[in-house]
Amino acid sequence: MARRYDSRTTIFSPEGRLYQIEYAMEAISHAGIVIGVLSKEGVVLAAEKKVTGKLLDMSGAKGGSYGGSGEKIYLLNANVITGVAGITADANSLVNYARQAAQRHLFMYNEDIPVELLAQRLCDLKQGYTQYGGLRPFGVSLLYAGYDPHYHFQLYHSDPSGNYSGWKATCIGANNGTATSLLKQDYKEDISIEDAIELVLKVMSKTMDSTTLGSEKLEFATLTLDAEKKPKAKIYNPAEIDALLQKHGLGKKEEERDIAAPIPSDQTL
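Below is a summary of the structure that appears in this document.

Cut-offs used in this document
Residues numbered from 1 in each chain as written. Predicted model: local features only at pLDDT ≥ 70, side-chain atom pairs only at ≥ 80, totals over all residues. Heavy atoms only, no water. Pairing = 2+ DSSP bridges. Helix = DSSP H or I, 4+ residues; strand = E, 2+ residues; numbered from the N terminus. Axes fitted to C-alpha atoms, helices over the stretch in contact; angles between N-to-C directions. Contact = heavy atoms within 4.5 Å. Parallel < 35°, antiparallel > 145°, perpendicular 65-115°, else oblique. Left-handed = near helix turned anticlockwise from the far one by under 90°. Nonpolar A, V, L, I, M, F, W, Y, C, P; charged D, E, K, R; others polar. Buried < 20%, exposed > 50% of the residue type's maximum accessible area, 1.4 Å probe, protein only.

A closer look at the sheet that holds strand 6 (residues 152-158)
Spatially, the five strands line up as an open sheet ordered 3-4-5-6-7, and their pairing is antiparallel. With one partner strand each, in any of the chains shown, strand 3 (73-77) and strand 7 (164-166) form the two edges of the open sheet. On average, adjacent strands in this sheet sit at an angle of 25° to one another, irrespective of strand direction. Relative to strand 5 (residues 140-148), strand 4 (residues 80-86) runs antiparallel, the two being bridged by seven bridges. Bridge pairing in strand 5 links valine 80 to glycine 146. The strands that helix 3 (residues 88-109) touches are strand 3, strand 4 and strand 5; relative to strand 3, the one it contacts most, it runs at about 20°.

Below is the structure:
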């Protein structure tokens, strides 16, 4: 029955479902996991990288480039960072749109765009791609971590349908059911930023496909306030991620680092 109604995003099935949107969400469920945890002192984002390899040029990431390493975590504005799960090309398009929307707001009002307003702008665009013929939904979900002076730190999630919602802790991507259960067990209302970092790393270690955590498979970012009470986004470079993992006892042991990583079976050199 589904095959009669899944060729267009504009056609409802008799059950009232839009299959193309459900297929887009299914694609997201196979992507690398992204976890966000909110505390009164800041927001923590961590993401699993899927594109890895010995021959991959990571020189831009090692330098701590402006937008992160270019796969999972991006800086949208001075007060907003985002983590993406799904089709990276779709994510790049939405990230560019969000950055332009944030800069237009800054130019017009001389203040940083509120986090929820930025999420609304992107969701309006995504919803339009589910309503008009000849278009397909964006195959990507986003977590927005941001700060504004009125509502302080916030964490939002949006999906391909154009819906968005606020969260204290949430995750998107593969193994999100297991990660959500762990977050429900260990999250506390008065959690500090350090405890939030520890919680995120703990959940990542139990939900990622790899047996050990390392900078080659992990991206990490925090949003806090600096000494002048202004938002400070920090996207960690690989050396900082390895140091953070060692601090929490989750990094690779010395002998493991010396052993060369095996070449994935799906790559031919």
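A few points about the packing of helix 3 against helix 4 (residues 115-128)
Interaxial distance between helix 3 and helix 4 falls to 10 Å at its minimum, and their mutual angle equals 130°. On the basis of their axis angle, the class for helix 3 and helix 4 is oblique. Helix-helix and strand crossings are classified by hand; for helix 3 and helix 4 the assignment is right-handed. Contact with helix 3, carried on its side by Leu94, Tyr97, Ala98, Ala101, Ala102 and His105, involves Leu117, Leu118, Arg121, Leu122, Leu125 and Lys126 of helix 4 and no other residues of that element. Of the residues that constitute the contact of helix 3 with helix 4, the class distribution is nine nonpolar, one polar and two charged.

Section: the side chain of glutamate 48
Relative to the helices and strands, glutamate 48 resides in strand 2 (residues 42-48). Look at glutamate 48 and you get buried, because its relative accessible area is 2%.

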